[in-house]
Amino acid sequence: MELKVNGQLQRLPEHASDPAMPLLWALRDGLDLTGTKFGCGVAACGACTVQVDGEARRSCVTPLSSVVGRTITTIEGLGPDHVLQQAWVAHQVPQCGYCQSGMLMAAAALLRKNRQPSDAEIDAAITNLCRCGTYPRVRAAIHAAAAQLAGAKA
Ligand code: FES
Ligand code: FES
């Protein structure tokens, strides 16, 4: 089985090719993309968030069969130069860091659709959980990234 991940067609090893296997397992155990985290396994926390065709998806409950031929992006594909990653550093968003790759992927998916989200829109769109309580910093960093993107366009 092959998946298009971070711009490259990647062949999954035999042990990570069951069509019913959650995408999260294949990414971590099949492709060694360990930036995406396991939290709850039941679509509740968002630690496993990746993008499928630009939309935020919880990979722990996404079967491989549903993403063959689609475009998958993980935190490794977002890259350290991404405006959100830079805003995350500037605002010192991560605390323990465990939830943050999922947060970033959800934030990137939001900014693709809404270039100037309000706090309420951020809260509605990003339902990822953070046990360290970084929500105010997440909002501030998204606003900073949105402002930078708006400035770059002007
Ligand atoms: S590990 Fe997927 S939502 Fe928690
Ligand atoms: S930074 Fe620790 S869980 Fe979010």
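Residues numbered from 1 in each chain as written. Chains lettered and ligands numbered in written order. Predicted model: local features only at pLDDT ≥ 70, side-chain atom pairs only at ≥ 80, totals over all residues.

Trainee: Quick question: what am I supposed to make of the sheet that holds strand β2 (residues 8-11) here?
Mentor: Strand pairing in a sheet is mediated by backbone hydrogen bonds. Such pairs are either parallel or antiparallel. Read from one edge to the other, the open sheet built from five strands follows the order β2-β1-β5-β3-β4, with strand pairing classed as mixed. Each edge of the open sheet carries a strand with a single partner, namely β2 and β4 (55-58). Here the average twist between neighbouring strands, direction ignored, is 40 degrees. Its contacts with the sheet put helix α4 (residues 100-113) on β3 (49-52) and β4, and the angle it makes with β3 is roughly 35 degrees. (Pairing = 2+ DSSP bridges. Helix = DSSP H or I, 4+ residues; strand = E, 2+ residues; numbered from the N terminus. Axes fitted to C-alpha atoms, helices over the stretch in contact; angles between N-to-C directions. Contact = placed C-beta atoms within 7 Å.)

Trainee: Can you walk me through the domain arrangement of the chain in this structure?
Mentor: Accessible area lost when the parts come together is the quantity often used to give the size of an interface. Domain parsing of the chain yields domain 1 (2-77) and domain 2 (79-153). Of the residues lining the interface, 15 residues belong to domain 1; the matching set on domain 2 comes to 14 residues. A per-element tally of the side of domain 1 that touches domain 2 places β3 first, with three residues. Considering only residue class, the side of domain 1 that touches domain 2 consists of six nonpolar, seven polar and two charged. (Domains from an automatic or database assignment. Nonpolar A, V, L, I, M, F, W, Y, C, P; charged D, E, K, R; others polar.)

Trainee: How should I be thinking about the pairing of β2 in this particular structure?
Mentor: For a regular strand, side chains alternate in direction, first toward one face of the sheet and then toward the other. Pairing geometry for strand β1 (residues 2-5) and β2, over four bridges, is antiparallel. Of the residues in β2, the one forming a bridge with Glu2 is Arg11. In this antiparallel pair of consecutive strands, β1 and β2, the connection spans two residues, and Asn6 shows a positive phi of 50 degrees.

Trainee: Help me understand the pairing of β4, please; the structure alone is not making it clear to me.
Mentor: In the sheet, β3 pairs with β4 via four bridges, with the strands oriented antiparallel. Bridge pairing in β4 places Thr49 opposite Arg58. The antiparallel pairing of β3 with β4 creates a hairpin that spans two residues between the two strands, and Asp53 there sits at a positive phi of about 50 degrees.

Trainee: Is there a simple way to explain the nonpolar core in this structure?
Mentor: When a protein is soluble and globular, its nonpolar side chains tend to lie buried together. If you look at the biggest cluster of nonpolar residues, it comprises 40 residues, and the most contacted ones within it are Met103, Leu104, Met105, Ala106 and Ala107. Going through the elements one at a time, β1, α1 (23-31), α2 (75-78), α3 (83-90), α4 and α6 (135-153) are the ones with two or more residues in this core. The element best represented in this core is α4, accounting for eight residues. Both domains that meet at this core, namely domain 1 (2-77) and domain 2 (79-153), each give it at least three residues. (Core = buried A, V, L, I, M, F, W, Y, C linked by C-beta atoms within 7 Å. Buried ≥ 20, exposed ≤ 12 C-beta atoms within 10 Å, placed from the backbone.)

Trainee: What should I look at first to understand α3 in this one?
Mentor: What sets the pattern is the α-helix's 3.6 residues per turn: residues three or four places apart point alike. Residues of α3 that are buried include every one of Leu84, Ala87 and Trp88, and no others. Buried residues in α3, looked at end-on, bunch into an arc of 105 degrees, giving them a common side. Where α3 ends, the next residue or the one after it, Gln92, has phi of about 45 degrees, a positive value. (Arc of directions from axis to C-beta.)

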